[in-house]
Each structure stands twice: as structure tokens, then as C-alpha cells.
Amino acid sequence: MQLLPESKRPAVKTILFFAAIVLIAFLPISSFLFFLKNDAFTNYFPPKFFMSESIHAGYLPLWNPYINFGFPQYGDMSGGYWSPITWIIASTVGYNAYIFTIETLFYIVLGGVGMFRLMSSWQLNKEVIIMGAVAYMCCGYIVGHLQHFNWLSGAAFLPWCFWSYQLMLQKFSGRQAVKTTLLLYMLVASAHPGIIISAGYFFVAYVVY
């Protein structure tokens, strides 16, 4: 696979285009006519809501006493506890049903922009790149896992990790290594453990290839 030495950064209008596609494609959710169902609000929303309420009450959300007989909140990999995005939202506007839905849509857009950046590093036509990014945002995996928050966040960071990872293998530098490490951290801190393990297998296989 031949890579372009410098992949072009997505312009603001390109990002807005992908955001508009997501707003239209997921209109029942983006319009808040319907909320996310099932696991989204029974499993993934409560830990985030607890974090925001604890922070605004002046407590570090280290221990959650409301599930079973209590458990360490920082040990829950499905809640995005170690994700900087979770902490920024929890410590500012706080979590509610609307913010949680917006964050879900944000990850879908982020995945589309990441796929655009990844495909832009290959020698492909711009029309093909845009179609690939839109197809990624609206594929059956994304639609089928709308209720699984950390599956969507994993899908959001995978293209970014692959893009940075292949650039690092092509031409290693300290700056690129730091960038790749930070993106891989975001993947590990945000994604479901199954995606993390599968991504590890994939990246090792890519190196061998």
C-alpha cells in the first residue's frame, strides 16, 4: 500500500458536511424525537451521570456505592472512566439524556472524519474517499450498535489509530510516535475490551504484513 507523504487535513466544511450527514441519517435521534434505547441508558449512561454528579458535588468519582454493594468506578472499562472526553463533559456541562445523545453522535462524526483522514493518506479519488467515510458512519455496524456506547467510541478512534500507526511505520519520528500513542490511549480508554483486543491483533498482523 502506497501512502501519500502528507495527507491533507479535513477542512472545516468537510467536517460540517459529515456532521450534516449524521444529523440527517440519524434524524430520529439527532432531533431528540427518540432517545437511545436499551443498554445505552441502562448500562452506559448511569456511570457517566454518576461521575458528573459526583464531580459537581465536590467528590472524586472513585467509588460507586449505588450498584451491588459498591464497586470501584475507575475499574469499569465500559463507562469510559479514563477517557478525557468523559471527564471534560462530566466536569463542565454534566451528563443528561441530551448530552449523552450528542456525545454518541459526536463519536459517529469523529469516526467518519477519521476514515476520511485515513483514506486521504492513500492514492484514491476524493469522491471515493467521501463515499467511504459516509459509508463508515452509516454502516450496519454503527446502526446496529447505537445502544452500545463503547462500541461506537471504539469505531470512532480505530481509523485515527490506523492512520497514525501506518504513518509511524512508514517514517518513524518521535512526534509521530507520541501522536500514535495518544490515539491508541484514547482507543483503550474509550472502547469495549473486545475492540481493544481485536485492534491489538490487527496492528500486530499489519506489522508482520
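Everything discussed here concerns the structure shown above.
Residues numbered from 1 in each chain as written. Predicted model: local features only at pLDDT ≥ 70, side-chain atom pairs only at ≥ 80, totals over all residues. Heavy atoms only, no water.

A. Main features of the state of the cysteines. If you walk through the whole model with that rule in mind, you get 0 disulfides. No disulfide involves C139; its nearest neighbouring cysteine sulfur is the one of C138, lying 8.1 Å away. Left unpaired, C161 is separated from the closest cysteine sulfur, that of C139, by 17 Å. (Disulfide = S-S within 2.5 Å.)

B. Region of interest: a nonpolar patch on the surface. A surface patch of nonpolar side chains, amounting to about 700 Å² of accessible area, comprises L60, L62, W63, Y74, W82 and Y185. Here L62 lies in the loop between helix 3 (39-56) and strand 1 (63-64). The class of L62 is partly exposed, set by a relative accessible area of 41%. (Patch = residues over 30% accessible without salt bridge, like charges linked within 9 Å, V, L, I, M, F, W, Y side chains within 5 Å. Areas by Shrake-Rupley, 256 points an atom, 1.4 Å probe, with all protein chains shown as cover. Salt bridge = Lys/Arg side-chain N within 4 Å of Asp/Glu carboxyl O. Helix = DSSP H or I, 4+ residues; strand = E, 2+ residues; numbered from the N terminus. Buried < 20%, exposed > 50% of the residue type's maximum accessible area, 1.4 Å probe, protein only.)

C. Highlighting unusual backbone geometry. Residue N38 is not a glycine yet carries a positive backbone phi of 55°. Within the secondary structure, N38 is located in the loop between helix 2 (27-30) and helix 3.

D. Region of the structure containing the packing of aromatic side chains. Summed over the entire model, instances satisfying the criterion amount to 24 aromatic pairs. With a centroid separation of 6.1 Å and 75° between ring planes, the pair formed by F50 and Y66 is classed as edge-to-face. Placement of the pair is F50 in helix 3 and Y66 in the loop between strand 1 and strand 2 (71-72), with a sequence separation of 16 residues. Relative accessible area serves as the criterion here: at 11%, F50 is assigned to the buried category. Taking the centre distance of 6.4 Å and the plane angle of 20° together, the rings of F202 and Y206 count as stacked. Of this pair, F202 and Y206 both sit in helix 10 (residues 193-208), 4 residues apart, which is roughly one turn of the helix. Residue classification places F202 among the partly exposed positions, given a relative accessible area of 40%. (Phe/Tyr/Trp six-rings, centres within 6.5 Å; stacked < 30°, edge-to-face > 60°.)

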